[in-house]
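Here is what each chain is made of, one letter per residue.
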Amino acid sequence: MFITKILSEHRNDFTAMLKCEHCGAEQKLTTGYHDNYYHTQVIPAMHCNKCELNRKGEMPTEMK
């Protein structure tokens, strides 16, 4: 997932539209935070609601 548009910002919190690099589906992010960790670790690990792949192309693992 990657950010296509930031919708709102308040201090370090933000909401944005994300787009999947695999299927092109868009979804709204309502819990964004502006810091290096969030942008380099959290967003790339997010899974698409449509195809369920993250940036690396991995499917989500089931919680046990």
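Here the structure is a predicted model, which means the values were calculated and not measured.

Draft legend 1. Summary view of the sheet that holds strand S1 (residues 2-10). As summarised here, the arrangement of the three strands in space is S1-S2-S3, forming an open sheet in which the pairing is antiparallel. Of all strands in the sheet, those bounded by a partner on one side alone are S1 and strand S3 (26-33). With direction set aside, neighbouring strand axes in the sheet form an average angle of 25 degrees. As paired elements, strand S2 (residues 13-19) and S3 share six bridges and run antiparallel to each other. Paired with Lys 19 across the bridge in S3 is Glu 26.

Draft legend 2. Representation of the nonpolar core. Listed in full, the 11 residues of the largest apolar core are Met 1, Phe 14, Ala 16, Leu 18, Cys 20, Ala 25, Leu 29, Tyr 38, Ile 43, Met 46 and Cys 48. Of all elements in the fold, only S2 and helix H1 (36-45) reach the threshold of two or more residues within this core. Per-element tally for this core: the top contributor is S2, with three residues.

Draft legend 3. Focus on H1. Where H1 is concerned, the buried positions are Tyr 38, Ile 43 and Pro 44. Looking straight down H1, one finds its buried side chains confined to an arc of 155 degrees; they lie on one side. Along H1, the residues that are exposed and aim more than 90 degrees away from the buried face are Asn 36 and Tyr 37. Those residues of H1 hidden inside the fold are in contact with S1, S2 and S3.

Draft legend 4. Unusual backbone geometry, seen in detail. We note that Arg 11 has phi near 55 degrees; this positive angle belongs to a residue other than glycine. For Arg 11, the position within the fold is in the loop between S1 and S2. Accessibility expressed as a relative area gives 75% for Arg 11, which makes it exposed. Of note, the phi angle at Glu 52 is positive, near 70 degrees, even though the residue is not glycine. Relative to the helices and strands, Glu 52 resides in the segment after H1.

So, how was this worked out
- Residues numbered from 1 in each chain as written.
- Predicted model: local features only at pLDDT ≥ 70, side-chain atom pairs only at ≥ 80, totals over all residues.
- Heavy atoms only, no water.
- Pairing = 2+ DSSP bridges.
- Helix = DSSP H or I, 4+ residues; strand = E, 2+ residues; numbered from the N terminus.
- Axes fitted to C-alpha atoms, helices over the stretch in contact; angles between N-to-C directions.
- Core = buried A, V, L, I, M, F, W, Y, C linked by side-chain atoms within 4.5 Å.
- Buried < 20%, exposed > 50% of the residue type's maximum accessible area, 1.4 Å probe, protein only.
- Arc of directions from axis to C-beta.
- Contact = heavy atoms within 4.5 Å.

Just distances and angles here, no functional claims.
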